[in-house]
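# Observations on the three-dimensional arrangement
Each chain is listed here by its residues.
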Amino acid sequence: MKIKSLVTLLLVLLLLSLFFNVKSILKTDEPWFVSFPDANSRPTYDTYHHIKEAQKLSTGKGIKVGILGKYFGYKNNKNIYSGGKDFTGNTEAFNDIGEHGLWMATTLKEIAPDVEIYALCARNNDHSVEAKAISEAVDWAIENDIDILTYSAQAFSEEYREEIDKAVRKAIEHNIVTTFIHYDIPGNILPFGFFPYSPKSYARETDLNVFHFDYNVLLLFSYKNYLESGRNVGNNIGAHPYFSNSSMSPVLAGIVAMMKEINNGLPASEYKRILKETSYELVYNGYKVKHVVDALGAVNYLLRANNEGS
């Protein structure tokens, strides 16, 4: 009887402890959870690029996409990747850390769920190492019949552009489609966000507009800064939570993979032409965005071409 009373007393004390701990958490000024009541109504890639409709016709099955990046978390996420290789000597950035490269792979799978993703660890803070790694990764991609290469990071150092340009041109000559942000050689499909003008730093106009928010990842420091600004970031569009230049490249690569499942035998330049021809103009935030990618339009274009040719 005494034991039963003791157990009852301990349970009461435990419940009181939990009550006061939760109460103290709720009183704090710091947010302890993030709630998105409009999560199913906010504009997404599907809203603007008609992804789900295109996926009824093509999912990128059998198409190989190489992501040139780092932080793939390859060792613990092999279910996402069909293969990969480190070209920098930084095995931690390839195998252990699952951040930027993994996020890009996740976004790519969201667009083209049956695509084969290859993690190519080629980014490095030492730009000479990076240029050499990219060149080696391109050679590996050619040898392993990669169909698409995508890159999502800062612009390449001018000092090493010649070396990187030579490698990328080689890839394009082998009919590998490239979707690199901040990279203005003519053969690359150059995406930009929903903005009215191309950056002045580019040597040419961008090719296509891709929605520049990605809801897969919320960086808490970014969200904290956003709250501290009173949700008013002025002209600094990049200060908005979920802003993502990076995702524009894998989104575009995923759409190209859909196209290539329908017809994988076209020159690299043809996929760019079809994407531009089937794009549409949109009014966004009061200004015109000229070349919004339409995945459904591009896939249907190739299906019609196949039917007409048969």
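Residues numbered from 1 in each chain as written. Predicted model: local features only at pLDDT ≥ 70, side-chain atom pairs only at ≥ 80, totals over all residues. Heavy atoms only, no water.

## Some remarks on the side chain of Asn-124
Operational definition: Comment: elements are numbered from the N terminus, with helices defined as DSSP H or I runs of at least four residues and strands as E runs of at least two. The term polar contact refers here to a pair of N or O atoms within 3.5 Å; inside protein, the definition further demands a hydrogen-donor-capable atom paired with an acceptor-capable atom, and it admits residues adjacent in sequence only when both atoms are side-chain atoms. Should any heavy atoms of two residues lie within 4.5 Å, those residues are counted as being in contact.
Note that Asn-124 resides in the loop between β3 (116-121) and α6 (127-143). One polar contact links the side chain of Asn-124 to the main-chain amide nitrogen of Asp-126, over a distance of 2.8 Å. Setting aside residues up to four positions removed in sequence, Asn-124 forms contacts with Thr-88, Val-129 and Glu-130.

## Overview of the packing of aromatic side chains
Here is the rule: Between the rings of Phe, Tyr and Trp (Trp by its six-membered ring), a pair exists once the centres lie within 6.5 Å; its type follows the angle of the planes, with under 30 degrees stacked, over 60 edge-to-face, and the other angles tilted. Residue burial is assigned from relative accessible area. The probe radius is 1.4 Å, only protein chains are included, and a residue is buried under 20% of its type maximum, exposed over 50%, and partly exposed in between.
Counted according to the given criterion, the structure contains 19 aromatic pairs. Relative to Tyr-284, the ring of Tyr-48 lies with its centre 6.2 Å away and its plane at 80 degrees, an arrangement referred to as edge-to-face. Within this pair, whereas Tyr-48 is found in helix α2 (residues 45-49), its partner Tyr-284 is found in strand β8 (residues 280-284), the two being separated by 236 residues in sequence. Its relative accessible area of 12% is what places Tyr-48 among the buried residues. Counting every residue linked through ring pairs, the aromatic cluster contains Tyr-45, Tyr-48, Phe-194, Phe-211, Tyr-284 and Tyr-287.

## Quick word on the environment of Ile-176
The topology assignment puts Ile-176 in the loop between α7 (161-173) and β5 (177-180). Under the relative-accessibility criterion, Ile-176 is labelled buried at 2%. Residues Ile-176 and Lys-64, 112 residues apart in the sequence, show an inter-C-alpha distance of 10.0 Å. Excluding anything up to four places from it in sequence, Ile-176 contacts Ala-141, Ile-142, Ile-146, Asp-147, Ile-148, Leu-149, Ala-171 and Ala-268.

## Topic: the nonpolar core
Definition in use: The set of buried Ala, Val, Leu, Ile, Met, Phe, Trp, Tyr and Cys residues whose side-chain atoms join them within 4.5 Å is what this entry labels a nonpolar core.
Among the nonpolar cores identified, the biggest contains 84 residues, and Tyr-81, Leu-149 and Leu-275 are the most heavily contacted of them. For Tyr-81, the residues in contact, after removing those within four places along its chain, are Phe-72, Tyr-74, Gly-101, Leu-102, Ala-105, Ile-117 and Ala-119.

## Considerations on the sheet that holds strand β2 (residues 81-86)
Where we set the bar: Two strands make a pair as long as DSSP finds a minimum of two bridges between them. Axes, fitted as lines to C-alpha atoms, cover a helix only where it is in contact. Angles between the N-to-C directions of the axes lie from 0 to 180 degrees.
Taken together, the 5 strands give an open sheet; going across it, the order is β2-β3-β1-β4-β5, and neighbouring strands pair in parallel fashion. Strands at the two margins of the open sheet, each flanked by one partner only, are β2 and β5. Across the sheet, the mean angle separating the axes of adjacent strands is 20 degrees when strand polarity is ignored. Looking at chain direction, strand β1 (residues 64-69) and strand β4 (residues 148-151) are connected through 4 bridges and run parallel. Within β4, the residue paired with Leu-68 across the bridge is Tyr-151. Here α6 sits on the sheet and contacts β1, β2, β3 and β4; the angle it forms with β3, its principal contact strand, is near 150 degrees.

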